[in-house]
Amino acid sequence: MYKQILVPVDLNDKGFSDKAVELAVWHAKHSNAEIHILNVLPGIHMSMVASYFPKDAANQMKIDVKNQLKEFANKHIDDNVVYKVHVAEGKAYTTILDYAEKLGADLIVMPSHKRSKIDKVMLGSVASKVVQNSPINVLVVKPQG
C-alpha cells in the first residue's frame, strides 16, 4: 500500500519518537516500503543566529545529529527494512511537508506531544499543522496515559 514513509523524529524526546518509528516499521514490512527518518533543526544558518556560533558549528551540528539519527534508526528499525536518515533545517512543519513532497512520500507517521491548552493556543502543534496542510495521509501517534 505505502512505498515511501516519512517519520519526523525529535531526538530530544527519548522514548516517544520510537513509538512512531515502530508503527512505520510495521507499515513498511506489510507493504515493502522504504522509511525516511527526518530530524528538523531550527534555522541555524540565519544570519542573526549564525553570527553567535563558530563558522563550522552548523555543519558540525548536522553531522552530529545525522550520526545520532543513524544510531536511533539502527536501534529501532529491523535489518530487513530499508531506511534512510535525513537532517534538514527550517521551520518544522513546512520542512516536514517539503521533505514529504521531495521524497514522494505517501505516508507521514509522526508523534504528537502532549501539550497543555495554553501551549496549543500559543504555539500550535507541529503535528496539527502537518495534518492540516498535508496532501497525503498522516498517522499521528499520541502519547499513552
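Residues numbered from 1 in each chain as written. Predicted model: local features only at pLDDT ≥ 70, side-chain atom pairs only at ≥ 80, totals over all residues. Heavy atoms only, no water.

- Looking at an unreviewed UniProt entry, the chain carries the name Universal stress protein, with the source organism given as Vibrio toranzoniae.
- According to the UniProt record, the Sequence similarities (unreviewed entry) comment for the chain is "Belongs to the universal stress protein A family." (UniProt positions renumbered as here; feature names shortened; annotations may be inferred.)

**So, the sheet that holds strand β4 (residues 107-111)**
Line of reasoning, step 1. Spatially, 5 strands are ordered β3-β2-β1-β4-β5 in an open sheet, and the strand pairing comes out parallel. The sheet is open, and its two borders are formed by β3 (83-89) and β5 (137-141), each paired with just one other strand. Strand after strand, the sheet turns through a mean of 25 degrees between neighbouring axes, direction not considered.
Line of reasoning, step 2. Relative to β4, strand β1 (residues 4-8) runs parallel, the two sharing 2 bridges. Its bridge partner lying in β4, leucine 6 is registered against isoleucine 108.
Line of reasoning, step 3. Helix α3 (residues 57-76) rests against β2 (34-41) and β3 of the sheet, and its axis sits at about 150 degrees to β3. (Pairing = 2+ DSSP bridges. Helix = DSSP H or I, 4+ residues; strand = E, 2+ residues; numbered from the N terminus. Axes fitted to C-alpha atoms, helices over the stretch in contact; angles between N-to-C directions. Contact = heavy atoms within 4.5 Å.)

**Points about the layout of surface pockets**
A water-sized probe, rolled over the atoms, reveals where empty space remains.
Line of reasoning, step 1. Taken as a whole, the largest pocket spans an internal volume of roughly 500 Å³.
Line of reasoning, step 2. What lines the largest pocket is a set of 22 residues, among which Val9, Asp10, Asn39, Val40 and Ala92 lie closest to the centre.
Line of reasoning, step 3. At the level of elements, β2, α3, α4 (92-103), β4 and α6 (126-133) are the ones that each hand at least two residues to the lining of the largest pocket.
Line of reasoning, step 4. Per-element tally for the lining of the largest pocket: the top contributor is β2, with 3 residues.
Line of reasoning, step 5. Residue classes in the lining of the largest pocket are distributed as 13 nonpolar, 7 polar and 2 charged. (1 Å grid on protein atoms, 1.4 Å probe; cavity = no way out; pocket = protein on both sides within 12 Å on 5 of 7 lines; lining within 4 Å. Points joined across faces, edges and corners; volume = space filled by probe spheres on them. Nonpolar A, V, L, I, M, F, W, Y, C, P; charged D, E, K, R; others polar.)

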